[in-house]
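Summary of the model geometry
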Amino acid sequence: MSAEALAEACLRTLDHGHDLDTDETRERFAPWFHAIEVVSTRSPVPESLAAMARLPRACGRHELSFALCDRADAVDRVVWTAVARATT
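Conventions and cut-offs
- Residues numbered from 1 in each chain as written.
- Predicted model: local features only at pLDDT ≥ 70, side-chain atom pairs only at ≥ 80, totals over all residues.
- Heavy atoms only, no water.
- Helix = DSSP H or I, 4+ residues; strand = E, 2+ residues; numbered from the N terminus.
- Rg over C-alpha atoms; globule rule 2.2 N^0.38 Å.
- Buried < 20%, exposed > 50% of the residue type's maximum accessible area, 1.4 Å probe, protein only.
- Areas by Shrake-Rupley, 256 points an atom, 1.4 Å probe, with all protein chains shown as cover.
- Salt bridge = Lys/Arg side-chain N within 4 Å of Asp/Glu carboxyl O.
- Core = buried A, V, L, I, M, F, W, Y, C linked by side-chain atoms within 4.5 Å.
- Contact = heavy atoms within 4.5 Å.

Right, let's get into the overall build of the protein chain. Along its length, the protein chain carries seven helices and zero strands. Along the chain direction, N to C, the helices and strands of the protein chain fall in the order α-α-α-α-α-α-α. The C-alpha radius of gyration of the protein chain comes to 12 Å, within 12% of the 12 Å expected for a compact globule of 88 residues. Sorting the 88 residues of the protein chain into buried and exposed places 35% on the buried side. Of the roughly 5000 Å² of accessible surface on the protein chain, 54% is carried by carbon and sulfur atoms.

Take a look at the structure:
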(Lines give C-alpha, C1' and ligand atoms only; values in the text may rest on other atoms or scores of the structure.)
Protein backbone atom coordinates (compact mmCIF):
# COMPACT_ATOMS: atom_id res chain seq x y z
CA MET A 1 0.00 0.00 0.00
CA SER A 2 1.31 3.44 -0.85
CA ALA A 3 1.54 6.30 1.62
CA GLU A 4 -0.86 8.28 -0.51
CA ALA A 5 -3.48 5.50 -0.54
CA LEU A 6 -3.28 4.96 3.22
CA ALA A 7 -3.52 8.70 3.83
CA GLU A 8 -6.67 8.86 1.70
CA ALA A 9 -8.17 5.90 3.56
CA CYS A 10 -7.42 7.55 6.91
CA LEU A 11 -9.12 10.76 5.82
CA ARG A 12 -12.19 8.84 4.60
CA THR A 13 -12.66 7.25 8.02
CA LEU A 14 -13.10 10.74 9.48
CA ASP A 15 -15.94 11.74 7.14
CA HIS A 16 -18.71 10.09 9.15
CA GLY A 17 -18.69 12.43 12.15
CA HIS A 18 -18.46 9.68 14.80
CA ASP A 19 -16.57 10.10 18.09
CA LEU A 20 -13.45 7.99 17.58
CA ASP A 21 -11.79 8.71 20.92
CA THR A 22 -12.93 5.53 22.69
CA ASP A 23 -11.16 2.35 23.82
CA GLU A 24 -13.37 0.26 21.52
CA THR A 25 -12.48 2.36 18.48
CA ARG A 26 -8.77 2.33 19.29
CA GLU A 27 -8.95 -1.46 19.52
CA ARG A 28 -10.78 -1.73 16.16
CA PHE A 29 -8.25 0.59 14.52
CA ALA A 30 -5.20 -1.25 15.93
CA PRO A 31 -4.45 -2.83 12.51
CA TRP A 32 -4.70 0.63 10.94
CA PHE A 33 -2.24 2.07 13.45
CA HIS A 34 0.15 -0.77 12.70
CA ALA A 35 -0.19 -0.14 8.95
CA ILE A 36 0.41 3.57 9.52
CA GLU A 37 3.63 2.77 11.41
CA VAL A 38 4.87 0.43 8.66
CA VAL A 39 3.95 2.62 5.69
CA SER A 40 5.15 5.87 7.26
CA THR A 41 8.53 4.31 8.03
CA ARG A 42 8.86 2.73 4.58
CA SER A 43 7.59 5.71 2.57
CA PRO A 44 7.77 9.00 4.51
CA VAL A 45 5.87 11.35 2.19
CA PRO A 46 5.33 14.52 4.27
CA GLU A 47 1.87 15.42 2.95
CA SER A 48 0.67 11.84 3.37
CA LEU A 49 2.09 11.59 6.88
CA ALA A 50 0.28 14.79 7.85
CA ALA A 51 -2.99 13.35 6.51
CA MET A 52 -2.41 10.04 8.29
CA ALA A 53 -1.79 11.92 11.55
CA ARG A 54 -5.43 13.00 11.65
CA LEU A 55 -6.76 9.47 12.33
CA PRO A 56 -4.68 8.71 15.42
CA ARG A 57 -5.38 12.22 16.71
CA ALA A 58 -9.14 11.65 16.36
CA CYS A 59 -8.74 8.35 18.23
CA GLY A 60 -6.82 9.92 21.10
CA ARG A 61 -3.47 8.44 19.98
CA HIS A 62 -1.67 11.78 20.18
CA GLU A 63 1.79 10.24 20.54
CA LEU A 64 1.41 8.51 17.16
CA SER A 65 0.08 11.69 15.59
CA PHE A 66 3.10 13.67 16.83
CA ALA A 67 5.48 10.90 15.72
CA LEU A 68 4.06 11.10 12.19
CA CYS A 69 4.54 14.86 12.19
CA ASP A 70 8.14 14.41 13.35
CA ARG A 71 8.80 11.90 10.55
CA ALA A 72 7.30 14.28 8.01
CA ASP A 73 9.41 17.19 9.25
CA ALA A 74 12.56 15.05 9.05
CA VAL A 75 11.93 14.64 5.31
CA ASP A 76 10.64 18.11 4.43
CA ARG A 77 8.81 20.83 6.30
CA VAL A 78 5.40 21.37 4.70
CA VAL A 79 2.47 23.44 5.87
CA TRP A 80 0.15 20.44 6.31
CA THR A 81 2.45 18.98 8.92
CA ALA A 82 2.37 22.23 10.87
CA VAL A 83 -1.44 22.21 10.68
CA ALA A 84 -1.62 18.56 11.83
CA ARG A 85 0.73 19.27 14.72
CA ALA A 86 -1.16 22.40 15.77
CA THR A 87 -4.53 20.65 15.83
CA THR A 88 -3.12 17.76 17.84
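On to the pattern of salt bridges. Opposite charge on two side chains allows them to pair when their charged atoms are near. By the definition in use, this model includes eight salt bridges. A salt bridge links Glu37 to Arg71; its shortest N-O distance comes to 2.9 Å. Placement of Glu37 in helix 3 (residues 30-42) and of Arg71 in helix 6 (residues 62-75) is noted, with a sequence separation of 34 residues between them. Taken together, the salt bridges that share partners define one network made up of Asp70, Asp73, Arg77 and Arg85.

It is worth spelling out the nonpolar core at this point. Of all hydrophobic cores here, the largest spans 21 residues; its most connected members are Phe33, Ile36, Met52, Leu55 and Leu68. Listing elements by their share of this core, those giving two or more residues are helix 1 (3-13), helix 3, helix 4 (46-52) and helix 6. Those residues within four positions of Ile36 in sequence are excluded, and the remaining contacts are Leu6, Cys10, Met52, Leu55, Pro56 and Leu68.

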